[in-house]
Amino acid sequence: MQNHCAVSNCTSGKSGSQPLFRFPHDPARSKKWVEKCQKQDLMDKSPSQLYRFYRLCGKHFETSLVDRSPQSAVLKDDAIPTIFDVLNQPQNGQVKRTKEMLQTKEDEKEDKERKKMKQSPAVTTSTDVHPLPDEEQYKEYLKSLFEVFALLGEQSIAPTGPSNDKQDGLSSSNFQALLEYRMNCGDEAVKKRHAVNKECFSPALLNQLIDVCEKCIRGKLVEEVQRNGYFSLLTDDLVKISGEWYLPFFLRYVDQSNCQQERFVGFLSFEGDGDALAETLLSKITENWGLNMEQCRCQAHSCSGTHSSKMKTFAAKLTERFPLAVLTQRSTRTLNLSLANGMALSGVQLVLSTLKKIESFFSQSPLLVVEMEHAISIFYPDKEEKAKELKEICGTSWTGRHDAFEVMVEILEALLLCVDSVHDNEDMRWNDQITHNALEISKALADFEFIMALVVLKNTLTLTHAFGKNVQGQAADAHFATTSLKAVLHTLKEVSDNIDVYHEFWNDEAFNLATAMEVPVKVPRSFLRKHQLESGAIRPESYYKVHLSIPVVEHVIREITEIFSEDHLRILRGLSLVPTLIEMHKSMKPEEESIQVFQKEIPNPGTLSAEMHCWWVKWSKKGKGETFPSNVHDTLQLPDVKFFPNMLAILRLIGILPTLAVADGCDVAYKRFKTYMENVPDQFKSRSLALLNVNYDVGWNLDSMVDVYMKTYPDSGDAS
C-alpha cells in the first residue's frame with residue numbers, strides 16, 4: 001500500500017494533511033478514476049491491484065464530495081476526482097491517443113475471446129477467469145506481507161505479539177492476525193498460499209521481510225542524504241535491546257529546498273572493545289550501509305559513563321580516517337550535561353542517574369509537583385520571589401536545563417523533605433510504586449558522595465554555563481560564544497592551578513549542606529571495601545579532592561578544548577554571514593579569514609571575496625520596518641540566496657553543524673525516536689521496527705521491496 005498520492009508530482013499525501021482514499025472496488029468507477037489521473041502505469045493495473053496498492057489524496061476531489069469530521073474524512077460513494085494540476089494533465093492529443101489505445105486493447109481482447117469461443121464452444125464460463133502466473137501470484141502475496149509489516153512498523157506494534165510459545169510459532173502473532181483478516185476480506189494471494197502451505201508465513205520468512213525492509217528504507221535514506229551533498233554523522237545515548245547495547249545513528253543534511261533535515265538510519269551493535277569495535281562500526285557504516293564518509297563534514301556523539309571511552313575511540317578513529325569530519329557538540333543535550341555525562345566517576349554518575357529518577361518521579365502525577373511546591377514554601381518562608389521562581393522552575397523539565405546542577409543545589413533540602421513525605425505516605429495518597437520511587441531518590445540524596453559531587457559539578461560547570469547557553473542559542477549568541485571561549489578556558493585553568501583553595505570552599509559548602517540535611521560526612525563505603533581500609537583511615541576532604549574535584553576540572557578543560565577545536569570555531573564564525581549579524585555589526589565586514597575554511601567546498605573560490613562584499617553590502621542597511629533573517633534556516637530560505645552560490649554553499653555547510661539546533665519541524669525524526677524508545681515496552685523493542693516507525697513518512701514502494709526480496713532470497717518462492 002502506498003502512503004502517498006498516486007498522481008504525478010503530487011506531494012500532499014507525503015508531507016501535507018490531505019487524507020488518502022483507496023481506488024474503488026467497482027471496475028467501472030475504478031476505470032473512471034484512472035482516466036482522470038492520466039497515468040500510464042495505472043492503466044495497466046487491475047481494479048483489485050488499484051484498490052489494494054494505490055491511493056488518491058483529497059486534493060483532487062471537490063470539497064462537496066468529502067464528508068469531514070475532526071477525526072476522519074470519508075469519500076462519498078459516487079465521488080470522481082476532477083481537480084488536477086495543469087502540469088499533471090497530458091495534452092489533449094495525448095489524452096485522445098491514450099483513450100484510443102485503451103479502446104484498441106479492449107477491442108483486441110474481445111476479438112481474441114470471440115475466436116476462443118468459436119474454437120472451443122464447449123468450454124464453460126470458468127475459462128473467462130484468467131489466473132495470474134505463479135510468479136505474479138507470489139509477488140502479490142509478498143506485497144500483502146510487506147503491506148502488513150509496514151502497518152505494524154508505523155504503529156509500533158510488534159509482529160510476534162505477546163506469544164512466547166515456541167511450539168505455536170507465529171500462529172497467535174499480530175502479523176498472523178492481520179493476515180487472517182486480509183484473507184477474510186478477500187486477499188486471494190494470501191488465501192491461496194495458506195491453502196497450499198497451511199500457513200501464511202514462518203519465523204524465517206518474517207526475518208527475511210525485516211531484512212529487506214531495513215535495506216530498502218536505509219538505502220532510500222542514504223541515497224537522499226548523499227544526493228544533497230555534505231552531511232554530519234550523529235549518535236545518541238546507547239540503548240539496550242534484547243539484552244545487548246546498540247548505538248543509534250542519525251544523519252543531518254540540508255535538502256534540495258535548503259531545509260535542514262535529520263534522519264534516523266538505524267542501530268549498530270556496541271559490543272566489543274576499543275579499536276576493534278571502532279573498526280567494526282566504520283566498516284558497517286561504509287560497506288554495509290553504503291555511506292560515503294568522504295562527504296561527512298562533522299560528527300557529534302552523546303554517550304555516558306563507562307561507555308564514554310569506547311565512544312572516544314570511535315570518534316578518534318573516524319577523525320583519523322576522515323580528517324574533515326570535525327568533532328562537535330550535539331544540540332540535543334546542553335553542554336554542561338554533556339560534559340558531566342562523559343565523566344566515569346561514581347559520584348558524578350550517581351548525580352546524573354538521580355536526575356533521571358527525579359524527572360521520571362514528578363512526571364507520574366501533577367500532585368507530586370504540588371507537594372514539591374509546598375516543600376519549597378517551607379524552606380523559603382521569607383523569600384517569596386525566590387520561592388516563586390523555584391516553583392516555576394520545578395513545574396518544567398528543569399533536569400535538562402543549562403543550570404540544572406545550580407537548581408538542584410537550591411532545592412535539595414526541599415526535595416528531600418518532599419520525597420520523604422511521599423514515602424511516609426501518612427495520608428495514604430500515593431500508590432506503592434510512587435512511594436518506592438520516593439524512597440530510592442531519598443537514599444541517593446542522603447548520601448554525602450552525592451552531595452559532594454553535586455556541589456563540585458555546580459561550581460565547576462557554572463564557569464561554562466553562559467558559554468554553553470550561547471553556543472547552543474541563536475546565531476548572534478553562538479557567534480559571540482566563539483570570542484568568549486578563551487576567557488572560559490583561562491578561568492578553568494586558574495581553578496585547576498589553585499585547586500587546593502577552590503576545593504576547600506567546595507568542601508565547606510558540601511559539609512554545611514549535609515549538616516543541614518542531617519547527612520553524615522564520610523568516604524564512600526565502596527572505596528573503603530575495595531582498598532580494605534578502616535572507617536576514618538582517610539579524611540573525606542582529601543579523598544574528594546583527589547577522586548572528585550581534580551578529575552572533574554581536568555575533564556572539563558580537556559573536553560572543551562577537544563570539542564571546540566579551531567576548525568569547529570571557524571565554522572561557527574561563519575555565522576557572521578547571517579543577515580541580522582551583518583546589520584548588527586555593519587561597521588565590520590564578515591571575517592574573510594574564517595570563511596577560508598570552506599575554500600574546498602565552495603563552487604567558485606576565485607570570486608569569494610567579491611561575492612562576500614556584495615553580500616555584506618546587501619544586508620548592511622535595513623529599511624524602515626524591514627526584518628532580516630536571524631538564523632541559518634531562514635537565511636537559506638531567502639529567494640535571492642541562489643544568486644550568491646558561494647554564500648549558499650557556505651550556509652548549507654553551517655546548516656549541518658550539529659552544535660546548532662535545527663529549525664522547528666526539522667527534528668521530527670529525533671522526537672519520534674525518543675517517543676519510540678520511551679513508550680515501547682522493553683520486551684517489544686525492535687531495531688527494525690524502530691527504523692520503520694521513525695521513518696514511516698519516507699514512502700513505501702512495495703514493488704521495489706518485492707524486487708529486492710526476490711533478488712536477495714531467490715529460492716524462497718519454490719515452496720509454493
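(A) Broad picture of the overall build of the chain. What the chain contains, in helices and strands, is 31 helices and ten strands. The proportion of buried residues among the 720 residues of the chain is 48%. Residue pairs in contact within the chain that sit at least 24 positions apart in sequence constitute 72% of those at least 6 positions apart. Surface summary for the chain: the accessible area is close to 36200 Å², and the carbon and sulfur share equals 51%.

(B) Summary view of the packing of aromatic side chains. Tallying each qualifying case throughout the model produces 23 aromatic pairs. Between F264 and F673 the ring centres are 5.1 Å apart and the planes differ by 40°, which places this aromatic pair in the tilted class. Of this pair, F264 sits in strand β8 (residues 260-269) while F673 sits in helix α29 (residues 668-679); the two residues are 409 residues apart in sequence, bridging distant segments of the chain. The same class applies to F264 and to F673, which are both buried. Between W615 and F644 the ring centres are 5.0 Å apart and the planes differ by 75°, which places this aromatic pair in the edge-to-face class. Of this pair, W615 sits in helix α26 (residues 608-619) while F644 sits in the loop between α27 (632-636) and α28 (645-655); the two residues are 29 residues apart in sequence, bridging distant segments of the chain. Since its relative accessible area comes to 1%, W615 is described here as buried. Members of the aromatic cluster, connected to one another through ring pairs, are F250, F264, F267, Y670 and F673. Just above the ring of Y51 sits the side chain of R22; from NZ or CZ to the centre is 4.7 Å. Directly above the ring of F628 sits K622, whose terminal nitrogen or CZ lies 5.8 Å from the centroid.

(C) Here's a closer look at a negative patch on the surface. On the surface, D382, E384, E385, E389 and E392 cluster together into a negatively charged patch. Within the secondary structure, E392 is located in helix α15 (residues 384-394).

(D) Spotlight on the nonpolar core. F405, M408 and W615 are the most contacted members of the largest nonpolar core, which totals 114 residues. Not counting chain neighbours up to four residues away, the residues in contact with M408 comprise L355, I358, W398, L415, L445, F450 and L454. Counting residues in hydrophobic clusters, the runner-up holds 98 residues, among them V66, F175, F270 and I285.

(E) Representation of helix α19 (residues 475-497) within the structure. In this model, α19 (23 residues) spans 34 Å end to end at C-alpha, consistent with the 33 Å of a helix rising 1.5 Å per residue. Roughly 45° is the biggest bend found in α19, and it falls at T483. Of the residues making up α19, those classed as buried are A475, A478, H479, A481, T482, S484, L485, V488, L492 and V495. Looking at the buried positions of α19, the neighbouring elements they touch are α18 (448-471), α20 (499-516), α22 (540-563), α23 (566-573) and α24 (579-584).

(F) How the structure looks around the packing of α19 against α22. With their axes 10 Å apart at the nearest point, α19 and α22 run at an angle of 155° to one another. One way to sum up the angle between α19 and α22 is to call them roughly antiparallel. The way α19 lies across α22 gives a crossing that is left-handed. Residues L485, L489, L492, K493, V495 and S496 of α19 form the contact with α22, whose participating residues are V553, V556, I557, I560 and T561. Of the residues in the contact of α19 with α22, the class split is eight nonpolar, two polar and one charged.

(G) The arrangement of the pairing of strand β5 (residues 231-235) in detail. Most of β5 is tucked away: five of the five residues are buried. Side chains of β5 alternate between two faces, with F231, L233 and T235 and S232 and L234 buried alike. Relative to strand β7 (residues 244-254), β5 is paired through five bridges, and the arrangement is antiparallel. Its bridge partner being in β7, L233 is matched across the sheet by L251. Pairing of β5 with strand β9 (residues 296-300) involves four bridges; the strand directions are parallel. Residue pairing for β9: L234 is matched across the bridge by A300.

(H) Representation of helix α9 (residues 203-227) in the model. Taking 1.5 Å per residue, 25 residues should reach 36 Å; α9 reaches 36 Å between its end C-alpha atoms and fits that length. Trailing α9 by a residue or two, G229 shows a phi angle of about 95°, which is positive.

(I) Spotlight on the confidence of the model for the chain. Residues at a pLDDT of 70 or more form 87% of the chain, whose mean pLDDT is 85. Ignoring residues within four places in sequence, the model shows residues 87-102, a span with pLDDT below 50, making 14 contacts including any to other chains.

(J) The arrangement of the environment of E562 in detail. Looking at the secondary structure, you find E562 in helix α22. Placed 235 residues apart in sequence, E562 and L327 show a C-alpha to C-alpha distance of 7.9 Å. When residues no more than four places from it in sequence are discounted, the contact partners of E562 are K312 and L327.

(K) Layout of a nonpolar patch on the surface. A contiguous nonpolar patch, built from I378, F379 and L417 and spanning about 240 Å² of accessible area, is present on the exposed surface. Look at L417 and you get partly exposed, because its relative accessible area is 34%.

(L) Structural detail: the side chain of H402. Assignment of secondary structure puts H402 in the loop between α15 and α16 (404-424). A relative accessible area of 19% places H402 in the buried class. With residues near it in sequence (within four places) discarded, H402 still touches T334, N336, H465, G468, K469 and Q472.

(M) Representation of the packing of helix α14 (residues 366-379) against α16. Orientation of α14 relative to α16, taken along the N-to-C sense of each, is 130°, at an axis distance of 8 Å. Relative to α16, α14 is oriented oblique. You can see that α14 and α16 cross each other, and the crossing is right-handed. Packed against α14, whose contacting residues are L368, E371, M372, A375, I376, I378 and F379, the element α16 presents I411, E413, A414, L415, L417, C418, S421 and V422 at the interface. Class assignment of the residues belonging to the contact of α14 with α16 gives a composition of twelve nonpolar, one polar and two charged.

(N) Looking closely at the pattern of salt bridges. Enumeration over the complete set of coordinates arrives at 32 salt bridges. We note a salt bridge from E147 to R182, for which the minimum N-O separation is 3.2 Å. Of this pair, E147 sits in helix α6 (residues 134-154) while R182 sits in helix α7 (residues 174-184), placing them 35 residues apart in sequence. Across the pair K618 and D640 runs a salt bridge, and its minimum N-O distance is 3.0 Å. Taken together, the residues span a long stretch of sequence, with K618 in helix α26 and D640 in the loop between α27 and α28 at a distance of 22 residues. With a relative accessible area of 32%, D640 lands in the partly exposed category. Each of the salt bridges in this network shares a partner with another, and the network as a whole consists of D236, R252, E262, R330 and K674.

About the thresholds
- Residues numbered from 1 in each chain as written.
- Predicted model: local features only at pLDDT ≥ 70, side-chain atom pairs only at ≥ 80, totals over all residues.
- Heavy atoms only, no water.
- Helix = DSSP H or I, 4+ residues; strand = E, 2+ residues; numbered from the N terminus.
- Buried < 20%, exposed > 50% of the residue type's maximum accessible area, 1.4 Å probe, protein only.
- Contact = heavy atoms within 4.5 Å.
- Areas by Shrake-Rupley, 256 points an atom, 1.4 Å probe, with all protein chains shown as cover.
- Phe/Tyr/Trp six-rings, centres within 6.5 Å; stacked < 30°, edge-to-face > 60°.
- Lys NZ or Arg CZ within 6 Å of the ring centre and 35° of its normal.
- Patch = residues over 30% accessible without salt bridge, like charges linked within 9 Å, V, L, I, M, F, W, Y side chains within 5 Å.
- Salt bridge = Lys/Arg side-chain N within 4 Å of Asp/Glu carboxyl O.
- Lys, Arg positive; Asp, Glu negative; His and termini not counted.
- Charge placed at Lys NZ, Arg CZ, Asp CG, Glu CD.
- Core = buried A, V, L, I, M, F, W, Y, C linked by side-chain atoms within 4.5 Å.
- Expected span 1.5 Å × (residues − 1).
- Bend = angle between axes of the 7 residues up to and from the residue.
- Axes fitted to C-alpha atoms, helices over the stretch in contact; angles between N-to-C directions.
- Parallel < 35°, antiparallel > 145°, perpendicular 65-115°, else oblique.
- Left-handed = near helix turned anticlockwise from the far one by under 90°.
- Nonpolar A, V, L, I, M, F, W, Y, C, P; charged D, E, K, R; others polar.
- Pairing = 2+ DSSP bridges.
- pLDDT = per-residue confidence, 0-100.

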